[in-house]
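Report on the structure
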Amino acid sequence: MKHRVDVMIPEDEVQARIAEMGREINERYRDSEELVMVGLLRGSCVFLSDLCRHITSTDVCLDFMTASSYGSSMTSSREVRIIKDLDDEIKGKDVLIVEDIIDTGHTLSKVREIMRLREPKSLAICTLLDKPSRREVDVPVDWVGFAIPDEFVVGVGIDYAQRYRNLRYIAKVVPLE
Ligand code: 5GP
Ligand code: MG
Ligand code: MG
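Residues numbered from 1 in each chain as written. Chains lettered and ligands numbered in written order. Predicted model: local features only at pLDDT ≥ 70, side-chain atom pairs only at ≥ 80, totals over all residues.

Going by what an unreviewed UniProt entry lists, the chain is known as Hypoxanthine phosphoribosyltransferase and is assigned to Pseudaeromonas paramecii. Turning to the chain, the UniProt record has this under Subcellular location (unreviewed entry): "Cytoplasm". What UniProt states about the chain under its Function (unreviewed entry) heading is, verbatim, "Purine salvage pathway enzyme which catalyzes the transfer of the ribosyl-5-phosphate group from 5-phospho-alpha-D-ribose 1-diphosphate (PRPP) to the N9 position of hypoxanthine to yield IMP (inosine 5'-monophosphate). To a lesser extent, can also act on guanine leading to GMP, but shows a highly less efficient activity with xanthine." (UniProt positions renumbered as here; feature names shortened; annotations may be inferred.)

Following this line, the structure appears as structure tokens:
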């Protein structure tokens, strides 16, 4: 599809917000022994690497999961499959799930349930972007970078056909013709 990308959130705003979330996360986990930051691949990898470098109040471990969502978007019971599981156990640990963007909420609500069954000490969710108008299932989200309108976006790890993950800003994809 012919398209162009238009800046929606410039780099300095993205970075300022990530630093601010970092300060809040530092505050929350000040008394934690260790925080396991779980990145959902591939979209969260750029946000996660920016965010984790602001965490200074506790020791940080990184782990990754790849989940894929199947089924019609018309049904509310989409199947979410784990393609790549975490490398380490999270039982008894403080866990922060780091996501790129929440849309319907199906992926994150299933991933959260899978992790909750493993009995972490605490489980929280942080997302760079959120499209609240698209939500189909409720997910408790602890930190949202930016709430955005229902536009298809790319950048800061988020792709269109695997491209644009390297953009330093959030942009919307505008179809041409
Ligand atoms: P959901 O919340 O609907 O289960 O799925 C969220 C996933 O949908 C995100 O992790 C992302 O992969 C994809 N997604 C949702 N909105 C957008 C968007 O605007 N751009 C891109 N590239 N992916 C999106
Ligand atoms: Mg994602
Ligand atoms: Mg994608």
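1. Section: the overall build of the chain
The helix and strand inventory of the chain stands at three helices and nine strands. Helices and strands appear in the chain in the N-to-C order β-α-β-α-β-β-β-α-β-β-β-β. Taken over the C-alpha atoms alone, the chain extends approximately 55 × 40 × 25 Å along its principal axes. The buried share of the chain, reckoned over its 177 residues, is 29%. Of all intrachain contacts in the chain linking residues separated by at least 6 positions in sequence, the fraction that spans at least 24 positions is 67%. (Helix = DSSP H or I, 4+ residues; strand = E, 2+ residues; numbered from the N terminus. Buried ≥ 20, exposed ≤ 12 C-beta atoms within 10 Å, placed from the backbone. Contact = placed C-beta atoms within 7 Å.)

2. Overview of the site of ligand 1
For ligand 1, the set of nearby residues contains 17 residues, the closest of which are Asp103, Thr104, His106, Thr107 and Val153. Put simply, the parts of the chain that give the shell around ligand 1 at least two residues each are β5 (94-102), α3 (106-116) and β8 (153-154). (Near = placed C-beta within 6 Å.)

3. A word on the sheet that holds strand β3 (residues 59-70)
With mixed pairing, the six strands of this open sheet are ordered in space as β4-β3-β2-β5-β6-β7. In the strand order of this sheet, the two ends are held by β4 (79-84) and β7 (143-147), each with one partner. Each strand axis lies, on average, 25 degrees off the axis of its neighbour in the sheet, ignoring direction. One ladder, built from five bridges, connects β3 with β4; its direction is antiparallel. Directly across from Tyr70, in β4, lies its bridge partner Glu79. This element, α3, spans β2 (34-40), β3, β4, β5 and β6 (122-130) of the sheet and lies at about 170 degrees to β5. (Pairing = 2+ DSSP bridges. Axes fitted to C-alpha atoms, helices over the stretch in contact; angles between N-to-C directions.)

4. Regarding the sheet that holds β8
Think of a sheet as strands paired side by side through backbone hydrogen bonds, with each pair either parallel or antiparallel. Strand order in the open sheet formed by three strands is β1-β9-β8, with antiparallel pairing between adjacent strands. At either end of the open sheet lies a strand with only one pairing partner, and these are β1 (3-9) and β8. In this structure, β1 lies alongside strand β9 (residues 170-175), joined through six bridges in antiparallel fashion. Within β9, the position partnered with His3 by the bridge is Pro175.

5. Focus: helix α2 (residues 45-52)
Within α2 the residues assigned to the buried category are Val46, Phe47, Leu48 and Leu51. Turning to α2, the residues buried within the fold contact α1 (11-28), β2, β5 and β6.

6. Quick word on the confidence of the model for the chain
In the predicted model, the chain carries a mean pLDDT of 95, and 96% of its residues have values of at least 70. Taken over the whole predicted complex, pTM reads 0.95, whereas the ipTM for its chain interfaces reads 0.95. (pLDDT = per-residue confidence, 0-100.)

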